[in-house]
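Chain by chain, the residues run as shown.
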Amino acid sequence: MKKTLVVFAHPYLEHSNSNVELINFYVRHQHYTLRDLYEEYPDFHIAAFRERKRLANYERFVFQFPLIWFGMPPLLRLWIDEVFDRDWLQPGKVNPLENKEVYILVTTGGKERSFSKDGTYQYSVDELISGLIVSLKVFKADIKHIKIVYEANKLSKKDIILHKKEFTELLNQ
């Protein structure tokens, strides 16, 4: 199994049964390291050097977060701004994201049909998180899959387990 860093950001985790259940998977598996940004950096002061050093130790990354006001949670946005380093793109520099597998798991309270050109919000979730997607592509990460869990706040325990199983199967391919 690939050593995997899970970058998790949820500012209201206590109100999210689906995310709690989904992250329980990582905790039970030795090759996953879960980093809860809101727990680790409640003051929003990110230890960027330490985070950059940490990235080099992993073969694969998972970014998991809820859609917050039609984008990434603010602490995840800040983490990316401070940790991702343009110097990684210079010749001879080590780019810890290059050719690394990346999976993105996004939860949202909205319905799938709301996130379309004709829907309520007129933008897809992929478009709303494009800052992360473009950043990963610039650093030559290999985005394997983006999984979106719609109406996450209304899922039954059975539905959450099915989503967890599906995501687990993706990670185990």
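As a starting point, this report considers the structure included with it.

Procedures and definitions
Residues numbered from 1 in each chain as written. Predicted model: local features only at pLDDT ≥ 70, side-chain atom pairs only at ≥ 80, totals over all residues. Heavy atoms only, no water. Helix = DSSP H or I, 4+ residues; strand = E, 2+ residues; numbered from the N terminus. Rg over C-alpha atoms; globule rule 2.2 N^0.38 Å. Buried < 20%, exposed > 50% of the residue type's maximum accessible area, 1.4 Å probe, protein only. Axes fitted to C-alpha atoms, helices over the stretch in contact; angles between N-to-C directions. Parallel < 35°, antiparallel > 145°, perpendicular 65-115°, else oblique. Contact = heavy atoms within 4.5 Å. Patch = residues over 30% accessible without salt bridge, like charges linked within 9 Å, V, L, I, M, F, W, Y side chains within 5 Å. Areas by Shrake-Rupley, 256 points an atom, 1.4 Å probe, with all protein chains shown as cover. Salt bridge = Lys/Arg side-chain N within 4 Å of Asp/Glu carboxyl O. Pairing = 2+ DSSP bridges. 1 Å grid on protein atoms, 1.4 Å probe; cavity = no way out; pocket = protein on both sides within 12 Å on 5 of 7 lines; lining within 4 Å. Points joined across faces, edges and corners; volume = space filled by probe spheres on them. Nonpolar A, V, L, I, M, F, W, Y, C, P; charged D, E, K, R; others polar.

**Some thoughts on the overall build of the protein chain**
Here comes step 1: Scanning the protein chain from N- to C-terminus turns up seven helices and five strands.
Here comes step 2: Over its C-alpha atoms the protein chain spans a radius of gyration of 16 Å, differing by no more than 12% from the 16 Å that the globule rule assigns to 173 residues.
Here comes step 3: Taken over the C-alpha atoms alone, the protein chain extends approximately 50 × 35 × 35 Å along its principal axes.
Here comes step 4: Here the protein chain holds 173 residues, and the buried ones make up 49% of them.

**Looking at the packing of helix H3 (residues 48–55) against helix H4 (residues 74–83)**
Here comes step 1: Taken N-terminus to C-terminus, the directions of H3 and H4 make an angle of 80 degrees; their axes are 9 Å apart at the nearest point. In terms of axis orientation, H3 runs roughly perpendicular to H4. The residues of H4 that touch H3, namely those facing Ala48, Glu51, Arg52 and Leu55, are Trp79, Glu82 and Val83.

**Let's talk about a nonpolar patch on the surface**
Here comes step 1: On the surface, Trp69, Phe70 and Tyr121 cluster together into a nonpolar patch covering about 390 Å² of accessible area.
Here comes step 2: Along the chain, tryptophan 69 turns up in the loop between strand S3 (60–66) and H4.

**Remarks on the sheet that holds S3**
Here comes step 1: Spatial strand order, S2-S1-S3-S4-S5: five strands in an open sheet with parallel pairing. Of all strands in the sheet, those with a lone pairing partner are strand S2 (32–36) and strand S5 (142–149), marking the two edges. Neighbouring strand axes in the sheet, compared pairwise and without regard to direction, differ in orientation by 15 degrees on average.
Here comes step 2: Across seven bridges, S3 lies against strand S4 (residues 101–107) in parallel orientation. Each residue of the ladder has a partner; that of glutamine 64, found in S4, is leucine 105.

**Some thoughts on the layout of surface pockets**
Here comes step 1: Considered as a void within the structure, the largest pocket measures approximately 440 Å³ in volume.
Here comes step 2: Lining the largest pocket are 22 residues, and of these Pro66, Leu67, Thr108, Gly109 and Asn153 lie nearest its centre.
Here comes step 3: A total of three residues in the lining of the largest pocket trace back to one element, the largest contributor, which is helix H1 (residues 17–27).
Here comes step 4: Residues belonging to the lining of the largest pocket are distributed by class as follows: eleven nonpolar, eleven polar and no charged.

**Focus: the pattern of salt bridges**
Any two side chains of opposite charge can pair, so long as their charged atoms come close to each other.
Here comes step 1: Within this structure, the stated rule accounts for twelve salt bridges.
Here comes step 2: Between glutamate 40 and arginine 50 there is a salt bridge, with the nearest N and O atoms lying 3.0 Å from each other. Taken together, the positions of glutamate 40 in helix H2 (residues 37–40) and arginine 50 in helix H3 put the pair ten residues apart, joining distant regions of the chain.
Here comes step 3: The class for arginine 50 is partly exposed, based on a relative accessible area of 41%.
Here comes step 4: Salt bridges sharing partners connect three or more residues here, namely Arg35, Glu40, Arg50, Glu51 and Arg54.

Without other data, these values stay purely geometric and don't point to any function.
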